[in-house]
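Coordinate analysis (summary)
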Amino acid sequence: WATKILWIFIVFFAATSVYSALNVRMGFGQPQISVSSGFVLISVPLFVNNTGFYDLSELNMTADVTDFNGSLLSSSSTFVALIPRNSSVDTAHNISINLDDATSQLQFYLFNDTVFHVDMSLKVKFARTVPFQASMNTTIPWGAPLYNFSIGQISYNYLNFTHQEVLIPISFENHSPYFGVDGFMRVEIYNDNDELLGFGASGLNVPSHSSYDGQVGMVVEVSKITGRGEVHFYFETSAFSIGPLVMPYG
């Protein structure tokens, strides 16, 4: 009798566990992305509706983010100890990527369109014993806020015998769907002897999916102009800070 009762219990538990698993609704929402001070923040909605017979326990959601080369950018996890039966959880798993860890990496994402690959997995136990696992893979497009950044033909306006005004045409496209480029840009111009000729600044207010086409002017000494050299750019915005970006001219 003990054996029969044990088998009846095992079959009953297995059947109700399967039924409970079929009546649990869980899944991932569409990841949302934002940028602040050199950090890319990815928020993945997570929902679990436990309408089964048993409690859910030890829910563990993990997410790995890799770049287009497959290099790991971030790995994180969210843990929920218990989801009682007839209850639900509606939360978000947050992933943070520090682009300032490598300046060259930050520069790449500021000037190049690419994608992030997100691999997510969710593990949970039914009735504290039966494991269950689900996974999802997705890609998140990344639009460069300074796409196709370039300078045009530099021009000089005569002021007097000792000084001229230098005008530097600048253009770029904000491909980011997540944020505008708001802040200011500082520009320094050097001759081919590495001497600072002058500097200027321009305010930036470039919404998502729009372009910038302007110029920065500065006054320089005629005696230091050599016709070629470098232009250094520094950016201070609400989303990122970077500099110098060095571009040759002449």
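Residues numbered from 1 in each chain as written. Predicted model: local features only at pLDDT ≥ 70, side-chain atom pairs only at ≥ 80, totals over all residues. Heavy atoms only, no water.

**A few points about the overall build of the protein chain**
Secondary structure summary: the protein chain contains 2 helices and 16 strands in total. A burial count over the protein chain gives 40% of its 250 residues as buried. (Helix = DSSP H or I, 4+ residues; strand = E, 2+ residues; numbered from the N terminus. Buried < 20%, exposed > 50% of the residue type's maximum accessible area, 1.4 Å probe, protein only.)

**Section: the pattern of salt bridges**
Charged atoms that come close allow side chains of opposite charge to pair. Applying the stated rule across the entire model yields 2 salt bridges. Between Lys125 and Glu58 there is a salt bridge; the shortest N-O distance is 3.7 Å. Placement of Lys125 in strand β7 (residues 114-126) and of Glu58 in strand β4 (residues 56-66) is noted, with a sequence separation of 67 residues between them. Its relative accessible area of 41% is what places Glu58 among the partly exposed residues. (Salt bridge = Lys/Arg side-chain N within 4 Å of Asp/Glu carboxyl O.)

**With respect to the packing of aromatic side chains**
Geometrically, a pair of aromatic rings is defined through the distance of the ring centres and the angle of the planes. Following the criterion strictly, the structure yields 13 aromatic pairs and no others. Within the aromatic cluster, the residues linked to one another by ring pairs are Phe68, Phe108, Tyr109, Phe116, Trp142, Tyr178 and Phe179. Across from the ring centre of Phe199, 4.5 Å away, lies the NZ or CZ of Arg186, which sits over that ring. (Phe/Tyr/Trp six-rings, centres within 6.5 Å; stacked < 30°, edge-to-face > 60°. Lys NZ or Arg CZ within 6 Å of the ring centre and 35° of its normal.)

**Examining the sheet that holds strand β13 (residues 196-206)**
Spatially, the 4 strands line up as an open sheet ordered β13-β12-β15-β16, and their pairing is antiparallel. Each edge of the open sheet carries a strand with a single partner, namely β13 and β16 (241-249). Taking each pair of neighbouring strands and ignoring which way they run, the sheet shows an average axis angle of 20°. Across 9 bridges, the pairing between strand β12 (residues 181-191) and strand β15 (residues 229-237) is antiparallel. (Pairing = 2+ DSSP bridges. Axes fitted to C-alpha atoms, helices over the stretch in contact; angles between N-to-C directions.)

**Quick look at unusual backbone geometry**
Residue Pro244 is reached from Gly243 by a cis peptide bond, and omega for that bond is 0°. Secondary-structure assignment places Pro244 in strand β16. Although it is not a glycine, Glu58 sits at a positive phi angle of roughly 55°. For His209, which is not glycine, the phi torsion reads 60° and is therefore positive. Relative to the assigned elements, His209 resides in the loop between β13 and β14 (210-221). A residue is classified by how much of its surface remains accessible, and His209, at 62% relative accessible area, is exposed.

**Points about the sheet that holds β4**
As summarised here, the arrangement of the 4 strands in space is β5-β4-β7-β8, forming an open sheet in which the pairing is antiparallel. The outermost strands of the open sheet, each flanked by one partner alone, are β5 (72-83) and β8 (130-142). Sheet twist, expressed as the mean angle between neighbouring strand axes with direction ignored, is 15°. As judged from the 10 bridges shared by β4 and β5, these two strands associate in the antiparallel manner. Residue pairing for β5: Met61 is matched across the bridge by Thr78.

**Structural notes on the side chain of Thr66**
Among the structural elements, Thr66 can be located in strand β4. Ignoring any residue separated from it by four or fewer positions in sequence, one finds Thr66 in contact with Ser71, Leu72, Leu73, Phe116 and His117. (Contact = heavy atoms within 4.5 Å.)

**A word on the pairing of β12**
By the bridge criterion, 10 bridges tie β12 to β13 in an arrangement that is antiparallel. By the bridge assignment, Tyr190 is partnered in β13 with Leu196. Counted between consecutive antiparallel strands, the loop separating β12 from β13 contains 4 residues, among which Asp194 sits at a positive phi close to 65°.

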